[in-house]
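So you can see what is in the structure, the chains are spelled out below.
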Amino acid sequence: MPSKKKRKRVERPSIHPRNKYSDNPPDFAQLASQYPSFEPFVFYSRDGRPRIDWTDYNATRELTRVLLLHDHALNWWIPDGQLCPTVPNRSNYIHWIEDLLMSDIIPSTRTNGDIIKGFDIGTGANCIYPLLGASLLGWSFVGSDVADVALEWAEKNVVNNPHISGLIEIRKVDGGETTVYQEESQTDQSVSKHCINLSEVGVVDREAAASALFESYPGANKSYHGPSILLGAVKDGEKFDFCMCNPPFFETIEEAGLNPKTSCGGTPAEMVCPGGEQAFISRIIEDSVQLKQSFRWYTSMVGRKSNLKTLISHLRSVGVSVVKTTEFVQGQTCRWGLAWSFVPPARKIISSHVAEKRVLSFTLEGLQRQYSAVNVLQAVESFFCTSGASCKLNLDSFYVDV
Ligand SMILES: C[S@@+](CC[C@H](N)C(=O)[O-])C[C@H]1O[C@@H](n2cnc3c(N)ncnc32)[C@H](O)[C@@H]1O
């Protein structure tokens, strides 16, 4: 009898270990007893567990309101239909950024006591990331948006929390204005381009890197034709530790289809942009090429894994120094976090005595089965070429001369 191999189920982490709710998920019964406005939304299933109807927008919005009040001392509200954030999920993104900032992947330039400064692209009426980042970690924020209703309610949500309001600026993004930034000098550019070649083996997420290495970048077919995103919203000379973004994921509101199992609202202005998330994030990447080290980390949420791969290829083609990814498991849905930087990495995988050698060798991990060593060599060649290096491939002797 053929032996059936049992597949080992890999437990995917669903919540960041520093997330307030990682050990203490929200207790609906307790919240209902403390907040009468939440009580009508709580019912008890046969096993006696308190539940809410996740398909009821009023229930999810009231849950968010009481969680922000109870656990974060935040006063918060949004008008009917505006995108309602889930507090534990949104906190995961904040903690991932905290991980990036605490890591030594790129060198820190800050001195003790400096307040971390973030830029939330499309903060929405809910203004959730600035509110959480400021209250949990004392970070300061610029929260940008284009929609009047978002700007009005984000501002209300800031003003209604005087203990952190000094940390948050809500900034309107205009359609037309763009600030012209000076290109970095040729020398700087070539330094950062070289950085990816020499150091990325160690700092890029290996699985993502291996798959992206083999994809040509097809991002050009989805271009963004909307208002400014970073260029034109960031002022001359401004510096940020990071930017973050929960982009309009979809190309049409039908595609948004709004998960029938939950009701988080979301208007077309919040959920949809021509070209969807791929076009939107591609524009952030292009803006980052102009703004370079004005931000230490650029980050965005990504809704589709296929887009993640395309975006990683795009990042490689523009010569970033570091790419990091993570997976956010949110109930039944998965989202990904994508981060990149133009700051040369601190951890050099190739030490100076190795770099002096004419012949370098390295091991590639996470390579998918369908790719051979020749594919690797060809990808290495095209990689150096797109970074501006002159490069000769010799398949007979199996080397790339850079
Ligand atoms: C999916 S919502 C995210 C709202 C909130 N950050 C959250 O996580 O719930 C996307 C937001 O981006 C805004 N937006 C769209 N284009 C923008 C642009 N060019 N610059 C800034 N915000 C933009 C929309 O108005 C909307 O509020």
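The protein has the name U6 small nuclear RNA (adenine-(43)-N(6))-methyltransferase in an unreviewed UniProt entry, where Escallonia rubra is given as its organism.

Can you walk me through the overall build of the protein in this structure?
For the protein, the helix and strand inventory stands at 13 helices and eleven strands. Taken over 402 residues, the protein has a buried fraction of 37%. Intrachain contacts of the protein at a sequence separation of at least 6 include 70% that bridge at least 24 residues.

So what exactly am I meant to see when it comes to the UniProt feature "binding site: S-adenosyl-L-methionine" (unreviewed entry) in the protein here?
Under the local residue numbering, the UniProt record ascribes the feature "binding site: S-adenosyl-L-methionine" (unreviewed entry) to R90, G122, D145 and N246. Mapped onto the elements, R90 comes out in helix α3 (residues 87–102). By C-beta crowding, R90 is classed as buried, having 21 other C-beta atoms within 10 Å. Leave out the neighbours within four places in its chain, and R90 touches P85, I128, Y129 and L132. You can see G122 is positioned in the loop between β3 (117–121) and α4 (128–137). The buried category is assigned to G122, around which 23 C-beta atoms lie within 10 Å. If sequence neighbours within four positions are ignored, G122 has contacts with S144, D145, C245, N246 and P247.

Can you walk me through the pairing of β3 in this structure?
In summary, the side chains of a regular strand alternate between the two faces of the sheet. Of all five residues that make up β3, four are buried, and the element is covered over most of its length. When β3 meets strand β4 (residues 140–145), the two strands line up parallel, connected through four bridges. From the neighbouring strand, K117 faces β4, where its bridge partner is S140. In terms of handedness, the path from β3 via α4 over to β4 forms a crossover that is right-handed.

Help me understand the packing of helix α10 (residues 276–291) against helix α11 (residues 305–317) in this model?
Helix-helix packing: each pair is described by the crossing angle between the helix axes and the interaxial distance. In contact at an axis separation of 10 Å, α10 and α11 are set at 20° when each is read in the N-to-C sense. Here α10 is positioned roughly parallel relative to α11, judged by the angle of their axes. Judged by the sense of rotation from one axis to the other, the crossing of α10 with α11 is right-handed. Packed against α10, whose contacting residues are E277, Q278, I281, S282 and I285, the element α11 presents N307, T310, L311, H314 and L315 at the interface. Tallied by class, residues from the contact of α10 with α11 come to four nonpolar, five polar and one charged.

Quick question: what am I supposed to make of the sheet that holds β4 here?
Backbone-to-backbone hydrogen bonds pair the strands of a sheet. The strands run either parallel or antiparallel. In space, the seven strands of this open sheet follow the order β5-β4-β3-β6-β7-β9-β8, with mixed pairing throughout. Both edges of this open sheet fall to β5 (168–172) and β8 (322–330), since each of them pairs with a single strand only. Across the sheet, the axes of successive neighbouring strands diverge by a mean angle of 20°, strand direction being ignored. In terms of strand pairing, strand β6 (residues 240–245) meets strand β7 (residues 295–302) through three bridges, oriented parallel. Within β7, the residue paired with C243 across the bridge is Y298. Contacts from α3 reach β6, β7, β8 and β9 (333–341), with the element oriented near 155° to β8. Set on the sheet, α10 makes contact with β3, β6 and β7; between it and β7 the angle comes to about 175°.

Sorry if this is basic, but what is going on with the environment of L151 here?
Within the secondary structure, L151 is located in helix α5 (residues 148–159). Considering only alpha carbons, one finds L151 and A125, 26 residues apart in sequence, at a separation of 6.4 Å. Non-local contacts of L151, meaning those with residues more than four positions away in its chain, are made with D145, I170 and K172.

It is not clear to me how unusual backbone geometry should be interpreted in this structure. Could you clarify?
Negative phi is the rule for most residues except glycine; trans is the rule for most peptide bonds. Not every positive phi belongs to a glycine, and A73 is a case in point at roughly 55°. Following the sequence through the fold, A73 ends up in the loop between α2 (57–72) and α3. The residue K292 is not glycine, and still its phi comes out positive at about 35°. In this fold, K292 is placed in the loop between α10 and β7.

Is there a simple way to think about α4 in this case?
The α-helix winds at 3.6 residues per turn, so residues separated by three or four positions along the chain end up facing the same way. For α4, the tally of buried residues reaches seven of ten residues, placing the bulk of the element in the interior. Those residues of α4 not exposed but buried are I128, Y129, P130, L131, L132, G133 and A134. One or two positions beyond α4, positive phi appears at G138, with a value near 70°.

Quick question: what am I supposed to make of the site of the ligand here?
Within the structure, the ligand sits among 23 residues, and G122, G124, A147, N246 and E270 are positioned closest to it. Here the shell around the ligand gets three residues from one element, more than from any other, and that element is helix α9 (residues 268–271). Counted by class, the shell around the ligand contains 14 nonpolar, seven polar and two charged residues.

Thresholds applied
Along each chain, residue indices are assigned from 1 in the same order as the chain's sequence is written. For a predicted model such as this one, the threshold for reporting local features is a pLDDT of at least 70, and the threshold for listing and counting side-chain atom pairs is 80 or more; totals across whole chains, interfaces and linings nevertheless cover every residue. Working definition: helices are DSSP H or I runs of at least four residues, strands are E runs of at least two. Numbering for both runs from the N terminus. Any residue whose C-beta has 12 or fewer other C-beta atoms within 10 Å is treated as exposed, any with 20 or more as buried, and any in between as partly exposed, C-beta atoms being built from the backbone. Each residue gets a C-beta atom placed from its backbone, and two residues are in contact if those atoms lie within 7 Å. UniProt positions are given in the numbering used here, feature names are shortened, and annotations may be inferred rather than shown by experiment. At least two bridges found by DSSP between two strands is the condition for calling them paired. The crossover handedness rule: strands pointing away from the viewer, path from first strand over the helix to second strand clockwise, crossover right-handed. Note on definitions: angles span 0 to 180 degrees between N-to-C directions of axes, and those axes are lines fitted to C-alpha atoms, for helices only across the stretch in contact. Oblique is the label for any angle not covered by the other classes, which are roughly parallel (under 35 degrees), roughly antiparallel (over 145) and roughly perpendicular (65 to 115). Should the near helix be turned anticlockwise from the far one by less than a right angle, the crossing is termed left-handed; should it be turned clockwise, right-handed. Here the nonpolar group is Ala, Val, Leu, Ile, Met, Phe, Trp, Tyr, Cys and Pro; Asp, Glu, Lys and Arg are the charged ones; every other residue, Gly included, is treated as polar. Near residues are defined by distance alone, with the backbone-placed C-beta atom required to lie within 6 Å of the molecule or strand.

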